[in-house]
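Okay, here's what each chain looks like letter by letter:
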Amino acid sequence: MEFKLQDFKVAQAKLWREDIRDLISLSEYKMHVYLLVNVLLLGHSVALWCQGKLPANTPDWLMAGMSISTSGACMFLLLSIWMAMHAAVAAQSYETRMLTQLVRLPIPSWQEIEGCRTC
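In short, a report on the structure. (Residues numbered from 1 in each chain as written. Predicted model: local features only at pLDDT ≥ 70, side-chain atom pairs only at ≥ 80, totals over all residues. Heavy atoms only, no water.)

## As for the overall build of the protein chain
Then comes step 1: Counting its secondary structure elements, the protein chain contains three helices and zero strands.
Then comes step 2: Compactness check: the protein chain gives a C-alpha radius of gyration of 27 Å against a globular reference of 14 Å for 119 residues, more than 25% above the reference.
Then comes step 3: Along the longest, intermediate and shortest principal axes, the C-alpha atoms of the protein chain span 95 × 15 × 15 Å.
Then comes step 4: Once local pairs closer than 6 in sequence are excluded, the contacts in the protein chain between residues at least 24 apart make up 89%. (Helix = DSSP H or I, 4+ residues; strand = E, 2+ residues; numbered from the N terminus. Rg over C-alpha atoms; globule rule 2.2 N^0.38 Å. Contact = heavy atoms within 4.5 Å.)

Pasting the structure below:
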């Protein structure tokens, strides 16, 4: 009976650990998708900033507006890339902390070991 009870405890802890891995992987996957999209958008913004030419007779205020908006977009995308990487790393570290400190496999007590030995 004690062996069966210990098997149930181990199975329950495995289910908890699997649930934690599933929940954290959702956040990690979402951050990796954000990271991919933002890197592609940043590439297009940099290409627009470097190669996007306005006609020669464009007013100065319009050229300044384009430069400011393109550089602002690049800064925003760099910031969002940094935040997505930080969120993915934070999710991974929190998953490790939860798996190693909070949801551990059950260790039988001395009485349970003695109960198994005397059966």
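## With respect to the environment of Asp-60
Then comes step 1: By the secondary structure assignment, Asp-60 is in helix α2 (residues 60–102).
Then comes step 2: Remark: the alpha-carbon pair of Asp-60 and Leu-23, spanning 37 residues in sequence, is separated by 52 Å.

## Notes on the side chain of Ser-80
Then comes step 1: If you trace the backbone, Ser-80 turns up in helix α2.
Then comes step 2: According to the relative accessible area criterion, Ser-80 is buried, its value standing at 17%.
Then comes step 3: Here the side chain of Ser-80 touches Leu-77 through a polar contact of 2.9 Å, landing on its backbone oxygen. (Buried < 20%, exposed > 50% of the residue type's maximum accessible area, 1.4 Å probe, protein only. Polar contact = N/O pair within 3.5 Å; in protein donor to acceptor, adjacent residues only side chain to side chain.)

## Regarding a nonpolar patch on the surface
Then comes step 1: A cluster of nonpolar side chains, namely Tyr-29, Val-33, Val-37 and Leu-41, defines an oily patch on the protein surface of about 370 Å² accessible area.
Then comes step 2: When you line up the elements, Val-33 lands in helix α1 (residues 2–51). (Patch = residues over 30% accessible without salt bridge, like charges linked within 9 Å, V, L, I, M, F, W, Y side chains within 5 Å. Areas by Shrake-Rupley, 256 points an atom, 1.4 Å probe, with all protein chains shown as cover. Salt bridge = Lys/Arg side-chain N within 4 Å of Asp/Glu carboxyl O.)

## Quick word on α1
Then comes step 1: Taking 1.5 Å of rise per residue, the 50 residues of α1 would be expected to cover 74 Å, and the 73 Å separating its terminal C-alpha atoms lies within 8% of that figure.
Then comes step 2: Gln-6, Ala-13, Arg-17, Ile-20, Ile-24, Glu-28, Met-31, Leu-35, Asn-38, Leu-42 and Ser-45 are the residues of α1 that are buried. (Expected span 1.5 Å × (residues − 1).)

## Comments concerning the state of the cysteines
Then comes step 1: If you walk through the whole model with that rule in mind, you get zero disulfides.
Then comes step 2: Summary of cysteine pairing: Cys-74 is not part of a disulfide, and the nearest cysteine sulfur, belonging to Cys-50, is at 8.2 Å. (Disulfide = S-S within 2.5 Å.)

## Concerning α2
Then comes step 1: The end-to-end C-alpha separation of α2 is 61 Å, in line with the 63 Å expected for 43 residues at 1.5 Å each.
Then comes step 2: Every buried residue of α2 is accounted for by Thr-70, Cys-74, Leu-77, Ser-80, Ile-81, Ala-84, Ala-88, Ala-91, Glu-95, Met-98 and Leu-99.

## Examining the environment of Leu-23
Then comes step 1: Counting through the fold element by element, Leu-23 comes out in helix α1.
Then comes step 2: Between the C-alpha atom of Leu-23 and that of Ala-56, which follows or precedes it by 33 residues, the distance is 54 Å.

## Comments concerning the side chain of Asn-38
Then comes step 1: With respect to the helices, strands and loops of the structure, Asn-38 is situated in helix α1.
Then comes step 2: Residue Asn-38 is classed as buried on the basis of its relative accessible area of 14%.

## Re the environment of Ala-88
Then comes step 1: Within the secondary structure, Ala-88 sits in helix α2.
Then comes step 2: On a C-alpha basis, the gap between Ala-88 and Ser-25 in space is 9.4 Å, while along the polypeptide they are 63 residues apart.
Then comes step 3: Beyond its immediate sequence surroundings of up to four residues, Ala-88 is in contact with Glu-28, Met-31 and His-32.

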